[in-house]
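Chain by chain, the residues:
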Amino acid sequence: MIRQSQGGIVRAQGIGQRLKRGFLFLVLALFCVYYLAPLVVMVSTSLKSLEEIRQGTLISLPQSINFEAWAKAWTSACVGVRCDGLAPYVWNSVLMAVPAVAISTFLGALNGFALTKWRFRGADVIFALMLFGAFIPFQVVLLPMARTLGVLGLAGTVPGLILVHTVYGLAFTTLFFRNFFIGVSDGIVRAAQVDGASFFGIFFRIILPMSLPAIVVTLIWQFTQIWNDFLFGIAFTVGESNPVTVALNNVVNTSTGVKEYNVDMAAAIIAALPTLAVYVLAGSYFVRGLSAGAVKG
Amino acid sequence: MSDIRLDAIWKKFGATEVIKGIDLTIDPGEFVVLVGPSGCGKSTLLNLISGLETLSSGNIFIGGRRVNDVPPRDRDIAMVFQSYALYPTKSVRDNITFGMSVRHIPRQVQDAAVAEFAGLLHIEDYLERKPAQLSGGQQQRVAMGRALVRKPEVFLFDEPLSNLDAKLRIEMRTEIKKLHQRLGKTVVYVTHDQIEAMTLATRIAVMEAGHIRQFADPFTVYDDPVDLFVAGFMGSPPMNMIEGKLRQDGGSFVECGAPDALLRFPLPDAMARRVAGRDGLKVILGLRPETIFAAGSELPGPDRFCFELPVAVVEPTGPDTMIVFEIGGRDLIARVRPQDARPQGTRFRFEVEMRKAKLFDATTGLRL
Amino acid sequence: MAVTGSPPRIRWRSFDRWLPQIVVSPLFAMSLFFVYGFIGWTLYISFTRSGVMPDYRLDGIGQYVRLWSTPRWHVALRNLVTFSVLFISLCLAIGILLAILLDQRIRIEGAIRTIYLYPMALSFIVTGTVWKWLLNPGLGLERVMRQAGFESFSFDWLVNSNYAIYTVVIAGVWQSSGYAMALFLAGLRSVDDQVLKAAAIDGAGPLRTYFSIVLPMMRPVFMSTVIILGHLAIKSFDLVMALTGGGPGYATDMPATFMYAFAFQRSELGVAAASAVMMLVTVVAIIVPYLYSELRGARR
């Protein structure tokens with residue numbers, strides 16, 4: 001994104017320009033506050049005691065750093081009737097997300113490769129039909145999926161969720177890899193064929209190693225989607241197999257007892273931390289995923 | 001008509017110096033071509049003149065006015081870009097009149113101007129189309145129209161022809177020259193194509209690494225290059241550069257080639273006098289391909305030198321045939337008449353017009 | 001359609017030759033079953049008298065009649081329209097504004113972009129939880145304003161059935177406007193630098209350059225952003241569940257929460273299936289023409 005030259009254009013200098021520039025930064029800063037404030041409030045509330053919350057306001061900072069709410073959110077907050085904290089549900093989400101992300105990414109890569117670099121008859125139609133799966137409102141598959149999981153004996157289990165996320169993530173992962181492979185010269189595949197490499201030989205030894213950026217983008221996108229999913233979690237799991245998003249919602253909406261806002265906020269941070277960490281560590285890949293999701297086809 | 005004067009200008013991007021102290025005076029109505037390899041700073045120099053880049057130091061005068069802090073719109077210039085840079089959402093007509101409508105020039109004046117230049121550039125038929133519906137050549141004409149229509153004092157061209165195919169490029173080259181002759185405005189034109197530079201310019205500035213190596217009319221630059229860089233850059237195929245030693249035993253010679261096959265090129269008197277007393281100096285002898293031809297194929301003249309070597313490669317171009325041969329392991333090119341060419345492997349008798357040879361100091365690269 | 005897949009080698013074992021198809025078939029079959037098969041099942045059920053349990057005897061359009069005569073469905077639709085219009089237009093406005101401001105050679109642009117975009121990494125459930133706290137009547141924003149001296153300031157939208165839907169808009173815009181910014185910024189950056197230079201030479205100032213040259217060039221970006229945001233809006237389920245749970249009453253119900261409630265809480269499978277089909281029809285009407293033009297454009 002080098003564009004020195006545009007700003008290099010000689011502009012009329014003067015107090016007006018300075019004012020404009022100052023105003024520009026003011027607006028940008030205000031929006032920074034807008035986006036950051038909820039995060040700050042969330043963290044500061046989670047560090048306060050309940051007493052402090054009742055007396056102070058949202059924007060007052062905690063008088064002392066107090067991790068009690070965090071501990072409670074992690075180990076003993078009540079999710080529905082069970083009071084074991086979020087820990088087991090975070091574990092559920094990990095057990096669900098890791099295999100689902102890995103499998104859907106791998107299958108997407110294979111599928112994208114077969115569909116773009118081996119344009120057999122009908123490949124484009126197959127791609128278009130599969131891509132459609134990325135855009136359907138999932139409500140339309142909830143009922144039959146619930147029954148299918150029941151028939152398979154996977155209802156209310158983590159493996160069931162893995163299946164669901166793999167199946168409906170495949171359209172997206174295929175799309176991501178297709179977009180990437182379209183930019184890869186067909187000549188590479190031809191050359192490898194002439195060298196005698198087979199379909200899987202080309203895929204594993206040539207295509208996969210050069211797809212690293214696409215793999216990272218897809219992994220991050222899938223992880224964010226699956227970790228943050230709520231609909232499938234709430235529709236297909238019960239009680240102890242809930243993923244963390246569902247558990248968080250239950251913690252917050254538990255109507256019995258005293259409302260512990262600090263615990264709610266700590267629980268929200270715990271649920272958000274994995275995806276936030278990925279965003280902070282691999283932000284540019286995350287953004288590429290977002291725009292890859294935007295420029296479809 | 002405006003003159004342009006660059007006074008000790010520098011441009012730095014961070015720590016990188018792109019323009020390193022250039023002085024240049026362009027007379028009113030001149031057609032100056034900035035030419036050089038990519039990365040030499042020629043486009044940056046043009047952007048500095050246009051105001052699309054801010055100077056690091058020095059002064060720029062256009063028409064006698066110091067314009068260092070004057071925005072592009074107030075410099076009375078127009079520019080044609082390599083990618084044409086047409087506004088994709090505007091029709092051809094609106095592309096051309098955009099500059100005038102920004103300046104609140106009345107509609108009738110705009111229409112009159114469009115009518116005047118659309119005819120001149122043969123774009124009257126596409127005025128209502130969008131740029132994407134035009135061919136590359138047509139887009140090029142629209143870009144020219146947009147520049148011409150405001151009747152500025154100075155025209156700036158940034159490699160305007162390099163996206164066109166070869167045939168169209170030659171056609172547009174001629175049209176640009178005609179336009180200049182007709183309008184007589186000052187033009188600064190950037191290109192990496194030395195043939196474009198030769199054909200268009202009244203004066204050429206050959207640039208390298210942020211410096212202007214030579215600023216002179218095309219013939220001087222071609223016939224009288226100041227150093228190895230200019231000599232090597234101008235001309236196609238390029239000048240033959242033969243490494244050798246100056247020998248002054250019973251006349252002046254340049255001795256070159258492998259020890260068992262030494263060739264001694266005798267220097268004409270004028271050149272010999274300039275290098276008198278520098279026996280043993282490492283030099284480079286520059287011979288343009290057209291100064292080496294088949295022996296006896298031209299009328300005899302003074303300061304001719306003949307030698308015989310095997311033909312390595314034959315490359316017919318149509319009007320001439322290039323014969324590649326080797327001296328001291330280096331490929332050299334001679335330009336001969338097609339009927340004089342001989343097949344690869346045969347021994348060939350070459351004749352050199354030593355008057356047109358150039359001699360350079362091998363260490364400094366400067367002309368001797 | 002040209003068949004370019006046949007390898008140049010002549011003695012290619014036939015199994016290898018068919019491998020691409022063999023690899024794709026199970027995945028395609030999976031998609032046929034889980035997407036098209038399931039859509040078909042839902043569609044079928046929507047034309048039966050299914051209640052708590054699926055009942056496979058066809059019953060015409062009875063469920064659709066029932067759906068459209070349910071006041072709650074009309075509330076959900078009205079909410080969807082209100083939410084979509086506000087959500088999309090606010091995200092677009094903020095997104096374009098921020099993208100243009102960030103395009104002014106800001107040295108710390110990277111850091112600012114990171115801040116604007118991080119909500120996209122959060123789950124809608126987290127966003128809903130946070131905003132539920134921020135907008136808490138009593139302890140939230142209301143108390144901040146009252147302590148700042150606005151004694152009579154009152155902000156109870158979260159529990160007010162007339163205004164609760166706007167709190168969903170507030171939280172949704174907070175989460176997604178950075179996304180719109182990122183899409184527009186990428187669009188602005190793809191504009192040919194020389195076009196901007198040409199505009200400067202033509203004498204257009206920054207405002208004029210944006211409004212009469214750059215923004216008109218953003219039309220495709222504009223289109224895809226609207227489509228993506230619209231798609232988010234129709235699917236919005238998590239945010240409503242976390243923020244208001246569809247309440248108070250069913251004041252903030254949307255088609256997605258409506259369908260969920262009828263399918264899993266009230267066990268009216270037929271009505272739930274009919275509402276899901278209505279959602280699908282809406283999405284298809286928007287997405288299919290868009291995908292068609294995008295895919296065709298990509299093929300050139």
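Here, every reference points to the structure presented above.
Not measured: the values here are computed from a predicted model.

Caption draft 1: Examining the overall build of chain A more closely. Scanning chain A from N- to C-terminus turns up 15 helices and zero strands. For 297 residues, the compact-globule estimate of 2.2 N^0.38 gives 19 Å, and the C-alpha radius of gyration of chain A, at 24 Å, exceeds that figure by more than 25%. Here the C-alpha coordinates of chain A stretch approximately 75 × 75 × 30 Å along the principal axes. Taking all 297 residues of chain A together, the buried fraction comes to 57%. Counted over contacts in chain A with a minimum sequence separation of 6, partners at least 24 positions apart contribute 72%. For chain A, the exposed area adds up to about 12100 Å²; of that, 68% sits on carbon and sulfur atoms. Between the centroid of the 19 positive side chains of chain A and the centroid of its 11 negative side chains there is a distance of 18 Å.

Caption draft 2: Focus on the nonpolar core. Core analysis: the biggest nonpolar cluster contains 200 residues, and Leu 86, Phe 113, Ile 136, Tyr 168 and Phe 236 of chain A together with Tyr 116 and Val 126 of chain C have the highest contact counts within it. Among the elements that line this core, the one with the most residues is helix α3 (residues 71-102) of chain C, at 15 residues. Built from parts of two domains, this core gets at least three residues from each of domain 1 (4-66) and domain 2 (87-294) of chain A. What Val 126 of chain C contacts, discounting residues up to four positions off in sequence, is Met 42, Leu 248, Ala 268, Ala 271 and Ala 272 of chain A.

Caption draft 3: Broad picture of the interface of chain B and chain A. On the chain A side, the residues contacting the 11 residues of chain B number seven residues. Together, the buried faces of chain B and chain A total about 630 Å²; carbon and sulfur atoms form 59% of this surface. At the boundary of chain B and chain A, one finds zero salt bridges. Taken together, the links from chain B to chain A amount to zero residue pairs in polar contact (both at pLDDT 80 or more). Residues belonging to the side of chain B that touches chain A are distributed by class as follows: five nonpolar, three polar and three charged.

Caption draft 4: Structural detail: the interface of chain A and chain C. Facing the 105 residues of chain A at the interface are 110 residues of chain C. Approximately 9700 Å² of surface area, both sides summed, lies buried where chain A meets chain C, with 75% of it carried by carbon and sulfur atoms. Across the contact surface, chain A and chain C share 20 residue pairs in polar contact (both at pLDDT 80 or more). Considering each element in turn, the side of chain A that touches chain C owes the most residues, 15 residues, to helix α2 (residues 15-46) of chain A. Here the residues of the side of chain A that touches chain C are counted per class, giving 68 nonpolar, 25 polar and 12 charged.

Caption draft 5: Main features of the packing of helix α11 (residues 212-228) of chain A against helix α14 (residues 261-281) of chain A. Residue and element names in this part refer to chain A. Direction vectors running N to C along α11 and α14 enclose 170°, while the axes themselves pass 10 Å from each other. Taken together, the axes of α11 and α14 are roughly antiparallel relative to one another. Between α11 and α14, the residues in contact are Ile 220, Phe 223, Thr 224, Trp 227 and Asn 228 and Ala 271, Pro 274, Thr 275 and Val 278, respectively. In terms of residue class, the contact of α11 with α14 is built from six nonpolar, three polar and no charged.

Caption draft 6: Inspection of the sheet that holds strand β16 (residues 304-310) of chain B at higher detail. Residues and elements named next belong to chain B. On the basis of which strands lie adjacent, the open sheet formed by three strands has the order β15-β20-β16 and antiparallel pairing. Only two strands of the sheet have a single partner each, and these edge strands are β15 (292-294) and β16. In this sheet, neighbouring strand axes are inclined to one another by 35° on average, regardless of whether the strands run parallel or antiparallel. Where β16 meets strand β20 (residues 347-353), seven bridges bridge the pair, whose relative direction is antiparallel. Each residue of the ladder has a partner; that of Glu 308, found in β20, is Arg 349.

Caption draft 7: Unusual backbone geometry, seen in detail. Here the residue pair Ser 236 of chain B and Pro 237 of chain B is connected by a cis peptide bond, since its omega of -5° sits within 30 degrees of zero. Mapped onto the elements of the fold, Pro 237 of chain B is located in the loop between α8 (228-233) and β11 (240-247). Of note, the phi angle at Ala 209 of chain B is positive, near 50°, even though the residue is not glycine. With respect to the helices, strands and loops of the structure, Ala 209 of chain B is situated in the loop between β9 (203-208) and β10 (211-216). For Ala 209 of chain B, a relative accessible area of 38% gives the class partly exposed. Look at Arg 105 of chain C: it is not a glycine, yet its phi comes out positive at around 50°.

Caption draft 8: Region of the structure containing the packing of aromatic side chains. On inspection of all chains with the given rule, the structure shows 58 aromatic pairs over all chains. With a centroid separation of 5.9 Å and 15° between ring planes, the pair formed by Phe 229 of chain B and Phe 233 of chain B is classed as stacked. With Phe 229 of chain B and Phe 233 of chain B both in helix α8 and four residues apart, the pair spans about one turn of that helix. Take Phe 229 of chain B and Phe 233 of chain B: they sit in the same class, and that class is buried. Put simply, the rings of Phe 106, Phe 113, Trp 118, Phe 177, Phe 180, Phe 181, Phe 199, Phe 200, Phe 203 and Phe 204 of chain A pair up and form one aromatic cluster. Its guanidinium or amino end placed over the ring of Phe 61 of chain B, Arg 5 of chain B lies 4.4 Å from that ring's centre, counting from NZ or CZ. When the ring centre of Phe 253 of chain B is taken as origin, the NZ or CZ atom of Arg 264 of chain B, which lies over that ring, is 4.5 Å away.

Caption draft 9: Local environment of the environment of Ser 185 of chain A. Note that Ser 185 of chain A resides in the loop between α8 (158-182) and α9 (186-194). For the pair Ser 185 of chain A and Lys 117 of chain A, spaced 68 residues apart in the sequence, the C-alpha separation amounts to 9.0 Å.

Cut-offs and rules
Residues numbered from 1 in each chain as written. Chains lettered and ligands numbered in written order. Predicted model: local features only at pLDDT ≥ 70, side-chain atom pairs only at ≥ 80, totals over all residues. Heavy atoms only, no water. Helix = DSSP H or I, 4+ residues; strand = E, 2+ residues; numbered from the N terminus. Rg over C-alpha atoms; globule rule 2.2 N^0.38 Å. Buried < 20%, exposed > 50% of the residue type's maximum accessible area, 1.4 Å probe, protein only. Contact = heavy atoms within 4.5 Å. Areas by Shrake-Rupley, 256 points an atom, 1.4 Å probe, with all protein chains shown as cover. Lys, Arg positive; Asp, Glu negative; His and termini not counted. Charge placed at Lys NZ, Arg CZ, Asp CG, Glu CD. Core = buried A, V, L, I, M, F, W, Y, C linked by side-chain atoms within 4.5 Å. Domains from an automatic or database assignment. Buried area = accessible area lost by both parts, 1.4 Å probe. Salt bridge = Lys/Arg side-chain N within 4 Å of Asp/Glu carboxyl O. Polar contact = N/O pair within 3.5 Å; in protein donor to acceptor, adjacent residues only side chain to side chain. Nonpolar A, V, L, I, M, F, W, Y, C, P; charged D, E, K, R; others polar. Axes fitted to C-alpha atoms, helices over the stretch in contact; angles between N-to-C directions. Parallel < 35°, antiparallel > 145°, perpendicular 65-115°, else oblique. Pairing = 2+ DSSP bridges. Phe/Tyr/Trp six-rings, centres within 6.5 Å; stacked < 30°, edge-to-face > 60°. Lys NZ or Arg CZ within 6 Å of the ring centre and 35° of its normal.

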